[in-house]
Amino acid sequence: MTDRPVRTPSAAHPITVEPTGRRVVVLLGGDVVAESDNALTLREASYPAVQYIPIADVADGRLTPSDTTSYCPYKGEAGYYHFVTAGGDTVADAVWCYPTPCPAVAAIAGHVAFYPDKVDVRVHT
């Protein structure tokens, strides 16, 4: 954590983290890059729901740490990864995570999320 402000979710800015309860598959150009039965769905205020997948469920050797960081007062300091495709191309900053999330979202530690404009995230019924 940093010395930045930490906000607590409230009725004005709700955040929930719950098991997705369904299989989540992430595709990049038709290639399965992650799949999990243990994903978490984070819902924050009016933003679209985000699937957080255990990092262990991402294809081996495909994540390269990025120097990019950001901060959310509700979730904490975010780190980013580039994703390396099966063909060896790099998709910059395609994945983010909160290594040490704020207490309200502690469950997302050890999980990563993918930008939906860079990959196809599918929640199966």
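Look above for the structure.
Below or above, wherever it landed, is the structure these notes cover.

Examining the overall build of the protein chain
Broken down by element type, the protein chain carries zero helices and 10 strands. Listing each helix as α and each strand as β along the protein chain from the N terminus yields β-β-β-β-β-β-β-β-β-β. Radius of gyration (C-alpha) of the protein chain: 14 Å, near the 14 Å computed for a compact globule of 125 residues. Each principal axis of the C-alpha atoms in the protein chain carries an extent, and together these give about 45 × 35 × 20 Å.

Things to note about the sheet that holds strand 2 (residues 24–28)
An order of 3-2-10 is seen for the three strands of this open sheet, with the pairing classed as antiparallel. Across the chains shown, the open sheet's two edge strands, defined by having one partner strand only, are strand 3 (31–36) and strand 10 (120–123). Taken pair by pair, the neighbouring strands of this sheet meet at an average axis angle of 20°, ignoring direction. Bridge count between strand 2 and strand 3: five bridges; the pairing is antiparallel. Note that in strand 3 the partner of leucine 27 across the bridge is valine 32.

Looking at the side chain of lysine 75
The topology assignment puts lysine 75 in the loop between strand 6 (63–72) and strand 7 (76–84). Classification of lysine 75 by relative accessible area gives buried; the value is 7%. Polar side-chain contacts of lysine 75 include one of 2.5 Å to the side chain of glutamate 44. Look past the residues within four positions of lysine 75 in its chain and what remains in contact with it is Leu42, Glu44, Tyr52, Tyr98, Pro101, Cys102 and Val105.

Re the sheet that holds strand 9 (residues 111–114)
One open sheet holds the seven strands; their spatial order is 1-4-5-9-8-7-6, and the pairing between them is antiparallel. Here the strands that pair on one side only, and so sit at the sheet edges, are strand 1 (15–19) and strand 6. Each strand axis lies, on average, 35° off the axis of its neighbour in the sheet, ignoring direction. Pairing analysis gives seven bridges linking strand 6 to strand 7, with the strands arranged antiparallel. Bridging across to strand 7, tyrosine 71 finds its partner in glutamate 77.

Rules used in this analysis
- Residues numbered from 1 in each chain as written.
- Predicted model: local features only at pLDDT ≥ 70, side-chain atom pairs only at ≥ 80, totals over all residues.
- Heavy atoms only, no water.
- Helix = DSSP H or I, 4+ residues; strand = E, 2+ residues; numbered from the N terminus.
- Rg over C-alpha atoms; globule rule 2.2 N^0.38 Å.
- Pairing = 2+ DSSP bridges.
- Axes fitted to C-alpha atoms, helices over the stretch in contact; angles between N-to-C directions.
- Buried < 20%, exposed > 50% of the residue type's maximum accessible area, 1.4 Å probe, protein only.
- Polar contact = N/O pair within 3.5 Å; in protein donor to acceptor, adjacent residues only side chain to side chain.
- Contact = heavy atoms within 4.5 Å.

So far we have only geometry, and geometry alone does not tell us how the molecule works.
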